[in-house]
Amino acid sequence: MRAGSRLMAVPLAAALLCTAAGSAAAGLPGNDDATFGVVSLNAWHGGTQVDDGVAKTEAFVRSTGADVFGMQETEGTLADELAGRLGWHSYQTGDVALLSRYPIVERFQSRVGVGARLQLDDGRQAVVWSVHLNYTPYGPYDACFDHMTPQQILDREESSGRVAEIRETLEKMAPQIEQSRDGGAPVFLTGDFNAPSHLDWTEGARDSHCGYTVQWPTSVAVAEAGLADSFREANPDPAATPGNTWSPVYPKHEGSTGANEPQDRIDFVHHAGSARTVSSTAEVRGEPAPVPDHAGNEWPTDHAAVVSFFDW
């Protein structure tokens, strides 16, 4: 989630009104129709926050059976290192990266993201992007801790820079999305948005989000650009299946102590074109201990990963 330390000074007086909602489930999709797996994974400072974090990240990559990983917080090296270990391919720029089972035949870049065209073994192609949007101010804190009005929350989303960041990336992707509608390569957008989805903060899920409904502009922009949210396609009821990705190691605001941390889905795998969502899960491995007792965790990061499988 955070570019640096995630502990922030925020008013906590009303935070006990917020409760953690949802759980992350691990496992392969178990669907023979799935032929292409896409994962969004925030690597928590390149896997450095737990013991043997790189090896544990590699183990997770292998365990999923997925084909491409959109990564954030790679510390500029993790995707390249994993590609060397796995015999895969990588596109590493700053803290965002792509790790691919398949060769990269074309590369793209935005201010906060990287993209690549992949050449699959059967002659098909896919375009995959990874983005990492700015982390502050954080909208669920504005709602749950500061009790701002919905309009104040939306104004703060604009001032955060996230809306401009995702729109700039979507502009770069626009020709690819258009081509995907005309039978071209399907397009996938992964990322840590540091913002929730309008598909989650609905009237039916209000109790999970401190009593609010919010049309979060980053997810709205993605939908308006023609990309679908694979997790919500596979799990359409946000009250029944929240799919929270923030945070398996911050149940409380300080980790093990403090007010209840607002739990939310801020990591995504979106898609456009002929690809059909077969399954999508929010996954961790093991039973992560909360901060500050996290060093021995099997799970190497502070986010759950989004694991989506597609066919086309």
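Sequence order as written defines the numbering, with residues in each chain counted from 1. For this predicted model, a pLDDT threshold of at least 70 governs which residues receive local features, and a threshold of 80 or more governs which side-chain atom pairs are given and counted, while totals over whole chains, interfaces and linings are taken from all residues. Think of the side-chain values as coming from all heavy atoms in the structure, minus any hydrogens and water.

A. Examining the nonpolar core more closely. Val 39, Leu 41, Phe 60, Phe 69, Met 71, Leu 82 and Leu 99 are the most contacted members of the largest nonpolar core, which totals 25 residues. Secondary structure is summarised from DSSP: a helix means a run of H or I of at least four residues, a strand means a run of E of at least two, and numbering begins at the N terminus for each. Those elements giving two or more residues to this core turn out to be strand S1 (36–42), helix H2 (53–64), strand S2 (68–72), helix H3 (78–86), strand S4 (96–100) and strand S12 (305–311). Broken down by element, this core gets its largest block of residues, 5 residues, from H3. Contacts are residue-level and defined by heavy atoms, with any inter-residue pair within 4.5 Å sufficient. Leu 82 has contacts with Val 54, Thr 57, Glu 58, Met 71 and Leu 99, leaving out every residue within four places of it along the chain. Put simply, a nonpolar core is a bunch of buried Ala, Val, Leu, Ile, Met, Phe, Trp, Tyr and Cys residues held in one set by side-chain atoms that sit within 4.5 Å of each other. Burial classification: accessible surface area is computed with a 1.4 Å probe over protein chains only, and a residue below 20% of its type maximum counts as buried, one above 50% as exposed, and the rest as partly exposed.

B. Structural context of the sheet that holds strand S11 (residues 276–283). Strands are labelled as partners when DSSP assigns at least two bridges between them. Pairing in this open sheet of 6 strands is mixed, and the strands run S3-S4-S2-S1-S12-S11 from one edge to the other. Strands with a single pairing partner mark the edges of an open sheet, and in this sheet they are strand S3 (89–93) and S11. The mean angle between the axes of side-by-side strands here comes to 15°, regardless of whether they run parallel or antiparallel. Sheet analysis places S1 next to S12, joined by 5 bridges and oriented antiparallel. Note that in S12 the partner of Gly 37 across the bridge is Phe 309. Axes, fitted as lines to C-alpha atoms, cover a helix only where it is in contact. Angles between the N-to-C directions of the axes lie from 0 to 180 degrees. Set on the sheet, H2 makes contact with S1, S2, S4, S11 and S12; between it and S12 the angle comes to about 25°.

C. The arrangement of empty space enclosed by the protein in detail. Cavity: a set of points on a 1 Å grid over the protein atoms alone where a 1.4 Å probe fits but cannot get out. Pocket: an open set with protein on both sides within 12 Å along at least five of seven lines, its lining residues, like those of a cavity, having an atom within 4 Å of a point. Grid points are joined across faces, edges and corners, and a volume is the space filled by probe spheres set on the points. Overall, the coordinates contain 2 cavities of 30 Å³ or more when judged by the stated rule. The calculated volume of the largest cavity comes to roughly 60 Å³. Ser 208, His 209, Pro 238, Pro 242 and Asn 244 are, among the 11 residues lining the largest cavity, the residues nearest its centre.

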